[in-house]
Amino acid sequence: MSITVFEQLHAEGLISADAYAKIKLNKEKQLLSVHWEIKTLLYLGVFLLSAGLGILVYKNIDTIGHQVILLFIALVCAGSFFYCFKNKLPFSTGKVAAPNSFFDYILLLACCTFISFIAYLQYQYNLFGNRYGLASFFPMVLLFFSAYYFDHLGVLSLAIANLATWLGFTVTPLQILASNDFNSSRIIFTGLALGVLLMFIAWVTSSRNIKKHFEFTYANFGTHTVLVSCLAAMFHFSAVYLVWFLVLLGMIYFFYRKALQEKSFYFILIITLYAYIGTSYVVLNLLEQVGTGDLAPLYLGFLYFIISGIGLVLSLVRTNKKIKAA
Amino acid sequence: MIAYNSLWLHNLFIREQAAVAFHQNCLDKEECELINSKYPVHFYTPNLFIRIGLFILTTVILIFSFGLLALLFLDSLDKIVGGMAIFFAFLSYAALEYMVQAKNHLQSGADDALLWISACSLFGGTSYLTNAGDLANCIIIFIIALYSTLRFADRVMGAVLYISLLGIFFFVCTRFGPLGKAIVPFVIMAISAIIYLLVNKAKRLKVNQLYSNCLVVVSLAALLSFYFSGNYYVVRELSNTVFNLNLAQNESIPFGWLFWIFTVVIPLFYLVKGIQKKDIVMIRVALLLVAAIIFTVHYYYTVASIEAIMTTAGVLLMVVSYGLTRYLDTPKYGFTILEIAPQDATGKLQIESLLQVQSLTGKSAGSDGNNFGGGSFGGGGASGEF
């Protein structure tokens, strides 16, 4: 802080003598916070230790033996969970703060080691056989439970990612039955369903007020999944891509209303980009179809990007104003 | 000299200061609002995400405009592409001045994109037309970056300006034969030290308040270049490849011991100085460079296997950070582990969140988005405030 600025502000009578004295005192104390530096070091330490141990185990697997490693992972996992259960603050459907600054890291360690434990069992001992779905189902349940019980957004993200994996696994074995043409269409429909499901959960989360601060994470994953699936559908079902383009536009409109309501600049940006990609695909496709062999479509394509770019800039600026005014 | 309305920039500075004081609970809401009304700012500075969007879209528009221009002259493109790039640079520059002067854009994304595209295409065109060599390229970049930094106070431009200055000295030195090549590291170190001291002097001048961000970036770059021009790895490998020294595998460079001293001592020196002077930039650089020491030593002398180093370093870091957290629980020697509101020089608040002080909601908008430590780890952000 610049003390001269506040001297001037004080002289102009904009701030009270009390506030000025406080600022001066703060400036003299010159307290420097190393909060984020230490946090970064801690995070780096956790990362280096786990990566280093991982390599150590990998290189010495012949001498250590699988049971010892599994036991070690299980011990770390159990120990961490034990710590979390012992130190956690009481559960509530609202936001619960972490009891101390190490709690979140230890919970993350517990969850990560649990995933490794299951993966190791499956890889080495084929515990679940060919029912791969089960191998991702158990970690998913545990992750969702931990995310809600201990209130941890990072674990929630892991859980949602695991949900996607699980759905992927439950879908892909069906692939073997279907012919090859349906492979990616199944994935696309699963993606759409997952995205809609996540949006629904996001809606329930906020309307029922169950861990309301989780809503953004659900909505973020949901929006991306739905829109990526729509784009993929456009590219994949090339015969009816215009239909899918309409679906995309419908979704975008829905998300646009929602973003305006929530005053979210972030969602406005991402839906703008998705819409732009979709529209450009349609325009370029149409130009390609009318291609006459000369450079005319090329010129039109360039003109399209310039004009649409300017149009979007104007609409972004207007939306920005709209949100700020609201 | 500066393109933006300097009265508003000054007012913005005062608002930022007030916002910091507010975050430290020194000012109350009414006082902040009073200050904001007394010091108006009419820049167009949209939300960060809108800024990203505007940057991307402006870049798309400009690239396709250039493409369209190139398409028109497709037949004789190789002859006129240099002149066309320069012409295009002036066009974008005119658009930039218009946006800044008439539309009052400040860090809106559109002005960032226009500045960078016009600077890059001016450089490309000039370099292509004059068939410039290394030294000439550095001089062209230096001139363009100097003008852009002075006129638009762009931070990254400031860094480019500094790097091009180093480049000029580097290529001048290499023209003086073996002796020149031998003293390159010392010349760069000397320049870095001089610039660092000058910048720190210049920071205190009131005239430079508008450039304070640029000055911070340049001093950071100077700290880094001072270290890396004396780092053993950089000096050895550069002399090997660029100056064709043809060293054998285990052969050292002349005065190798001197560079080993630099490699190890400078980061520790930064750390001590940074703690003494309470300079957070210096402390951060020092922490980063400790890693550089380890990498350099490990590259030439395999003391331990990489995984052993990682494990030990991990344990050490955890122990040290745990110890420091406990130790600094109550502030000691002016250091605290508690999170005070973002400091002015380094942890600059987003301007947008500062302006939000007008519509205070009781919590700090700046600290919500990027805390990766607490329960809001990952997930793109902590809340729906985006």
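Details of the structure are given in the entry above.
Residues numbered from 1 in each chain as written. Chains lettered and ligands numbered in written order. Predicted model: local features only at pLDDT ≥ 70, side-chain atom pairs only at ≥ 80, totals over all residues. Heavy atoms only, no water.

### Things to note about the overall build of chain B
Within chain B one finds 14 helices and one strand. In chain B, which comprises 386 residues, the proportion classed as buried is 49%. Within chain B, contacts between residues separated by at least 24 positions form 66% of all contacts whose residues are at least 6 apart in sequence. A total accessible area of about 19,100 Å² is found for chain B, and carbon and sulfur atoms account for 69% of it. (Helix = DSSP H or I, 4+ residues; strand = E, 2+ residues; numbered from the N terminus. Buried < 20%, exposed > 50% of the residue type's maximum accessible area, 1.4 Å probe, protein only. Contact = heavy atoms within 4.5 Å. Areas by Shrake-Rupley, 256 points an atom, 1.4 Å probe, with all protein chains shown as cover.)

### Considerations on the interface of chain B and chain A
Chain B puts 78 residues into the contact, and the matching count from chain A is 78 residues. Buried area between chain B and chain A, both sides added, is near 7,100 Å², and the carbon and sulfur share of it is 74%. For the interface between chain B and chain A, the tally reads zero salt bridges. Elements with a minimum of two residues in the side of chain B that touches chain A: α1 (6-23), α2 (29-38), α3 (48-72), α12 (280-300), α13 (306-327) and β1 (335-336) of chain B. Among the elements that line the side of chain B that touches chain A, the one with the most residues is α3 of chain B, at 16 residues. By residue class, the composition of the side of chain B that touches chain A is 44 nonpolar, 27 polar and seven charged. (Buried area = accessible area lost by both parts, 1.4 Å probe. Salt bridge = Lys/Arg side-chain N within 4 Å of Asp/Glu carboxyl O. Nonpolar A, V, L, I, M, F, W, Y, C, P; charged D, E, K, R; others polar.)

### Remarks on the state of the cysteines
Residues and elements named next belong to chain B. Across all of its chains, the model carries zero disulfides over all chains by this definition. You can see C120 has no disulfide; the closest cysteine sulfur is in C138, sitting 15 Å from it. Residue C120 is classed as partly exposed on the basis of its relative accessible area of 48%. Summary of cysteine pairing: C138 is not part of a disulfide, and the nearest cysteine sulfur, belonging to C173, is at 12 Å. A residue is classified by how much of its surface remains accessible, and C138, at 12% relative accessible area, is buried. (Disulfide = S-S within 2.5 Å.)

### Observations regarding helix α3 (residues 35-59) of chain A
With 25 residues, α3 of chain A extends 36 Å from end C-alpha to end C-alpha; this agrees with the ideal 36 Å at 1.5 Å per step. Inspection of α3 of chain A places H35, E37, I38, K39, L41, L42, G45, L48, L49 and G52 of chain A among the buried residues, and these make up the whole buried set. Next to the buried residues of α3 of chain A lie β1 (32-33) and α6 (103-125) of chain A together with α12, α13 and β1 of chain B. (Expected span 1.5 Å × (residues − 1).)

### A word on helix α1 (residues 3-11) of chain A
Residues and elements named next belong to chain A. What α1 keeps buried is the set V5, F6 and L9. Seen from one end, α1 has its buried residues packed into an arc of 90 degrees, which puts them on one side. Counted as exposed and oriented over 90 degrees from the buried face of α1: T4 and A11. G13 sits one or two residues past α1 and shows a positive phi near 80 degrees. (Arc of directions from axis to C-beta.)

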